Amino acid sequence: MNWIYEPWPWYISGLMIAFIMFLLIMFGKNFGMSSNLRTLCTICGAGNKSEFFKFDWKTQKWNLTVVVGAVIGGFIASQFLSNTSNVAISAETISDLNDLGFNSAGKSYLPEELFSLHLLSMKNIILLFIGGLLVGFGTRYAGGCTSGHAISGLSNLQIPSLIAVIGFFIGGLLMVHFIFPLIF
């Protein structure tokens, strides 16, 4: 069991992702997590209110199992396959995060300064709401989420996915280096 607690080499996960993508391409399927939200809304009857949700959701049942597997796998990994809650990040990164006021950097996966329930101030609620809207709008506008474009789209050699992934990286860099320091 000790080998499962250690980080696996990048080439192992790369081969696993490539194998899954090969299977998906062979069966004519596209991978993406955001499409599951559309499927769930359709199952709940959103097709009665909007044309966007009028489609045969049963063709996407296989993708819903991906969500269930991600939730179950995440739970199993966090509860039974993790030997510590400490995050393996560099001392320089911890120092930089401490300078920004994140004293729990390196001690937990979710910094208490951002994810603690007692921090639900009006500012944080507004930021979560705006962030959720931007992510939701961006996902629909870009035609998919980061996993759909970066994994499925790039493996299918789709130019729009390459453009979207470049945009994701640019947006992430702008957020971390310019917007995040202004907000916090």
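**A word on a nonpolar patch on the surface**
There is a patch of nonpolar side chains on the surface, built from Ile-159, Leu-162, Ile-163, Ile-166, Ile-170, Leu-174, Met-175, Val-176, Phe-178 and Ile-179 and spanning about 940 Å² of accessible area. Within the element layout of this structure, Val-176 appears in helix 9 (residues 159–183). Judged by relative accessible area, Val-176 falls into the exposed class, the value being 52%.

**Structural notes on the packing of helix 2 (residues 10–26) against helix 8 (residues 146–155)**
The packing of two helices is summarised by the inter-axis angle and the distance between the axes. Closest axis-to-axis distance for the helix 2/helix 8 pair is 10 Å, and the angle between their directions is 60°. Classified by the interaxial angle, the pair formed by helix 2 and helix 8 is oblique. Every pair of crossing elements has a handedness; the one defined by helix 2 and helix 8 is right-handed. Judged by residue contacts, Ile-17, Met-21 and Ile-25 of helix 2 engage Ile-151, Ser-152 and Ser-155 from helix 8.

**Looking at the state of the cysteines**
Under the criterion given, the structure shown has zero disulfides. This cysteine, Cys-44, is not joined by any disulfide, and Cys-41 carries the nearest cysteine sulfur, 6.7 Å off. Exposure remark for Cys-44: the relative accessible area of 70% places this residue in the exposed category. Cys-41 supplies the cysteine sulfur nearest to Cys-145, a cysteine that is in no disulfide, at a spacing of 15 Å.

**Details of the pattern of salt bridges**
Where charged atoms from two side chains of opposite charge approach closely, those side chains can pair. Summed over the entire model, instances satisfying the criterion amount to one salt bridge. Between Glu-51 and Lys-54 there is a salt bridge; the shortest N-O distance is 3.2 Å.

**Topic: the environment of Ile-4**
Structurally, the position occupied by Ile-4 is in helix 1 (residues 2–5). Distance in space between the C-alpha atoms of Ile-4 and Ser-155 is 27 Å, their sequence separation being 151 residues.

**Looking at unusual backbone geometry**
For Leu-157, which is not glycine, the phi torsion reads 55° and is therefore positive. Secondary-structure assignment places Leu-157 in the loop between helix 8 and helix 9. The exposure class assigned to Leu-157 is exposed, which follows from its relative accessible area of 74%.

**Let's talk about the packing of aromatic side chains**
The geometry of two aromatic rings is summed up by the distance between their centres and the angle between their planes. Counted under the stated rule, the structure contains five aromatic pairs. Here the aromatic rings of Trp-10 and Tyr-11 are separated by 5.6 Å at their centres, their planes lie at 85°, and the arrangement is edge-to-face. For Trp-10, a relative accessible area of 70% puts it in the exposed group. Here the aromatic rings of Phe-137 and Tyr-141 are separated by 5.5 Å at their centres, their planes lie at 15°, and the arrangement is stacked. Placement of both Phe-137 and Tyr-141 in helix 7 (residues 122–141) is noted, with a separation of four residues, approximately one turn of the helix. The pair formed by Phe-137 and Tyr-141 is uniform in burial state, with each residue classed as exposed. Taking NZ or CZ as reference, Arg-38 lies 4.3 Å from the ring centre of Phe-52, over its face. Here the basic side chain of Arg-38 rests over the ring of Phe-55, its NZ or CZ set 4.2 Å away from the ring centre.

**Here we look at the confidence of the model for the protein**
The predicted model of the protein averages 84 in pLDDT, with 96% of residues at 70 or higher. Mean pLDDT in the protein bottoms out at helix 1, which sits at 73, and peaks at helix 9, which reaches 90.

**With respect to helix 2**
Think of an α-helix as 3.6 residues a turn; residues three or four steps apart then line up on the same face. The first and last C-alpha atoms of helix 2 sit 24 Å apart over 17 residues, in line with the 24 Å expected at 1.5 Å per residue. The first or second residue beyond helix 2 is Gly-28, which carries a positive phi of 70°.

Conventions we followed
Residues numbered from 1 in each chain as written. Predicted model: local features only at pLDDT ≥ 70, side-chain atom pairs only at ≥ 80, totals over all residues. Heavy atoms only, no water. Patch = residues over 30% accessible without salt bridge, like charges linked within 9 Å, V, L, I, M, F, W, Y side chains within 5 Å. Areas by Shrake-Rupley, 256 points an atom, 1.4 Å probe, with all protein chains shown as cover. Salt bridge = Lys/Arg side-chain N within 4 Å of Asp/Glu carboxyl O. Helix = DSSP H or I, 4+ residues; strand = E, 2+ residues; numbered from the N terminus. Buried < 20%, exposed > 50% of the residue type's maximum accessible area, 1.4 Å probe, protein only. Axes fitted to C-alpha atoms, helices over the stretch in contact; angles between N-to-C directions. Parallel < 35°, antiparallel > 145°, perpendicular 65-115°, else oblique. Left-handed = near helix turned anticlockwise from the far one by under 90°. Contact = heavy atoms within 4.5 Å. Disulfide = S-S within 2.5 Å. Phe/Tyr/Trp six-rings, centres within 6.5 Å; stacked < 30°, edge-to-face > 60°. Lys NZ or Arg CZ within 6 Å of the ring centre and 35° of its normal. pLDDT = per-residue confidence, 0-100. Expected span 1.5 Å × (residues − 1).

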